[in-house]
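Structural description and commentary
Spelled out, the chains give:
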Amino acid sequence: MTETLMLFAAGKGTRMAPLTDTTPKPLIPVAGQPLLDRALDLARAGGARRIVVNIHHLGDQIARHLSGSEVMVSDETDLLLDTGGGLRRALPLLGPGPVLTLNPDAVWTGPNPVAALRAAWDAARMDALLMLVPLDRARGRIGGGDFTLDAGGRISRGGDLVYTGCQIIRTEGLAAIPEQVFSLNLLWDRLLAQGRVFGMVHKGDWCDVGRPDCIPLAEAMLAGGG
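Since this is a predicted model, take the numbers as computed values, not measurements.

**Concerning the overall build of the chain**
Within the chain one finds six helices and 14 strands. Expected size for 226 residues packed as a compact globule is a radius of gyration near 17 Å; at 16 Å, the chain falls within 12% of this value. Projecting the C-alpha coordinates of the chain onto the three principal axes gives extents of approximately 45 × 40 × 30 Å. Within the chain, the fraction of its 226 residues that count as buried is 49%. Partitioning the contacts of the chain with sequence separation of at least 6, the portion at a separation of at least 24 is 70%. Of the roughly 9,500 Å² of accessible surface on the chain, a fraction of 54% belongs to carbon and sulfur atoms. Computed over 22 positive and 24 negative side-chain charges, the inter-centroid distance for the chain is 4 Å.

**As for the packing of aromatic side chains**
With the rule as written, the count across this model stands at two aromatic pairs. Relative to Trp-188, the ring of Phe-147 has its centre 5.8 Å away and its plane inclined at 75 degrees; by these criteria the two rings are edge-to-face. Pair noted here: Phe-147 is in strand E10 (residues 147–149) and Trp-188 is in helix H5 (residues 185–193), with a separation of 41 residues, a long-range link. Here Phe-147 matches Trp-188 in class, with each residue buried. Taking the centre distance of 4.9 Å and the plane angle of 85 degrees together, the rings of Tyr-163 and Trp-188 count as edge-to-face. Taken together, the residues Tyr-163 in strand E12 (residues 161–169) and Trp-188 in helix H5 connect sequence positions 25 residues apart. The same class applies to Tyr-163 and to Trp-188, which are both buried. Through pairs of rings, three or more aromatic residues link up here, namely Phe-147, Tyr-163 and Trp-188.

**Description of unusual backbone geometry**
For the bond from Ala-17 to Pro-18, the omega torsion is 5 degrees, close enough to zero to count as cis. Turning to its location among the elements, Pro-18 is positioned in the loop between strand E1 (4–8) and strand E2 (29–30). Residue Ala-31 is not a glycine yet carries a positive backbone phi of 50 degrees. Considering the arrangement of structural elements, one finds Ala-31 in the loop between E2 and strand E3 (33–34).

**A closer look at helix H4 (residues 113–120)**
Turning to H4, its buried residues number three or more, namely Pro-113, Val-114, Leu-117 and Arg-118. All buried residues of H4 project into a common sector of 135 degrees when viewed along the axis, lining one side. With a side-chain oxygen lying 2.8 Å from the backbone nitrogen of Val-114, the N-terminal cap of H4 falls on Asn-112.

**Digging into the pairing of strand E8 (residues 128–134)**
Within E8, seven of the seven residues are buried, which leaves the element mostly enclosed by the surrounding structure. Taking every second residue as pointing to the same face, both faces of E8 are buried, with Ala-128, Leu-130, Leu-132 and Pro-134 on one and Leu-129, Met-131 and Val-133 on the other. Pairing of E8 with E12, which is carried by six bridges, proceeds in the antiparallel orientation. Considered in E12, the bridge of Leu-129 is made with Ile-168.

**Here's the deal with the pattern of salt bridges**
Evaluation of the coordinates by the stated rule reveals 13 salt bridges. For Arg-125, the salt bridge identified is with Asp-122, shortest N-O distance 3.0 Å. Arg-125 sits in the partly exposed class, given a relative accessible area of 36%. Between Arg-196 and Asp-127 there is a salt bridge; the shortest N-O distance is 3.1 Å. Here Arg-196 is found in the loop between H5 and strand E13 (197–201), whereas its partner Asp-127 is found in the loop between H4 and E8, with 69 residues between them in sequence.

**Focus on the sheet that holds strand E9 (residues 138–139)**
Two orientations exist for strands paired in a sheet by backbone hydrogen bonds: parallel and antiparallel. The strand order across the open sheet formed by three strands is E7-E14-E9, and the pairing between neighbours is mixed. Only two strands of the sheet have a single neighbouring strand rather than two, namely strand E7 (106–108) and E9. Bridge count between E9 and strand E14 (residues 206–208): two bridges; the pairing is parallel. Note on E14: the bridge partner recorded for Ala-138 is Trp-206. Across the face of the sheet, helix H6 (residues 214–222) comes into contact with E7, E9 and E14 while running at roughly 165 degrees to E14.

Basis of the calculations
Residues numbered from 1 in each chain as written. Predicted model: local features only at pLDDT ≥ 70, side-chain atom pairs only at ≥ 80, totals over all residues. Heavy atoms only, no water. Helix = DSSP H or I, 4+ residues; strand = E, 2+ residues; numbered from the N terminus. Rg over C-alpha atoms; globule rule 2.2 N^0.38 Å. Buried < 20%, exposed > 50% of the residue type's maximum accessible area, 1.4 Å probe, protein only. Contact = heavy atoms within 4.5 Å. Areas by Shrake-Rupley, 256 points an atom, 1.4 Å probe, with all protein chains shown as cover. Lys, Arg positive; Asp, Glu negative; His and termini not counted. Charge placed at Lys NZ, Arg CZ, Asp CG, Glu CD. Phe/Tyr/Trp six-rings, centres within 6.5 Å; stacked < 30°, edge-to-face > 60°. Arc of directions from axis to C-beta. Polar contact = N/O pair within 3.5 Å; in protein donor to acceptor, adjacent residues only side chain to side chain. Pairing = 2+ DSSP bridges. Salt bridge = Lys/Arg side-chain N within 4 Å of Asp/Glu carboxyl O. Axes fitted to C-alpha atoms, helices over the stretch in contact; angles between N-to-C directions.

And the structure:
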């Protein structure tokens, strides 16, 4: 059962402008706590023991924020590598085996998604296990869903389930991707073709905090009022 987690904190946060002109998105507070700290709390409480955070935009602020903690930093200051390239850059820090990944720009209620994924992971059947939420419970979401679940728990693209930014994934396939900068969608597509990508539905609520107008939505959800 994996205890290694990658937290994606390197994005430019352009949708969150103008707040991200001076503050990296992961350090923007929701209900008085930075998004990054909320994600780290979820990771630790869910059983993650080895945590890596990548940095790019205003990354020095994130590095200072993490100074003195056990969290390791994967520096992408020279070039923003997207999720796939960023995960591959961090592999020397993460080590071998499946890893959890978590996006900090979301807020959760209900069961810990990290713990739920770890409990449901089946190494014999799965190369990836994604945490999903129904579109009608995806607060702050603009647009449609991402995936459909079949009766066996496998996922396919299209449908009304939204990817929450939390998953377990095997990283071996990253070595075969020639691009330096690439999304994890490339790896997902290869694994989907093999029928090795599974999903599970989060039993609580979830809010995308990618834009300034999402902050009050998230705070209302956390307060039980939305």
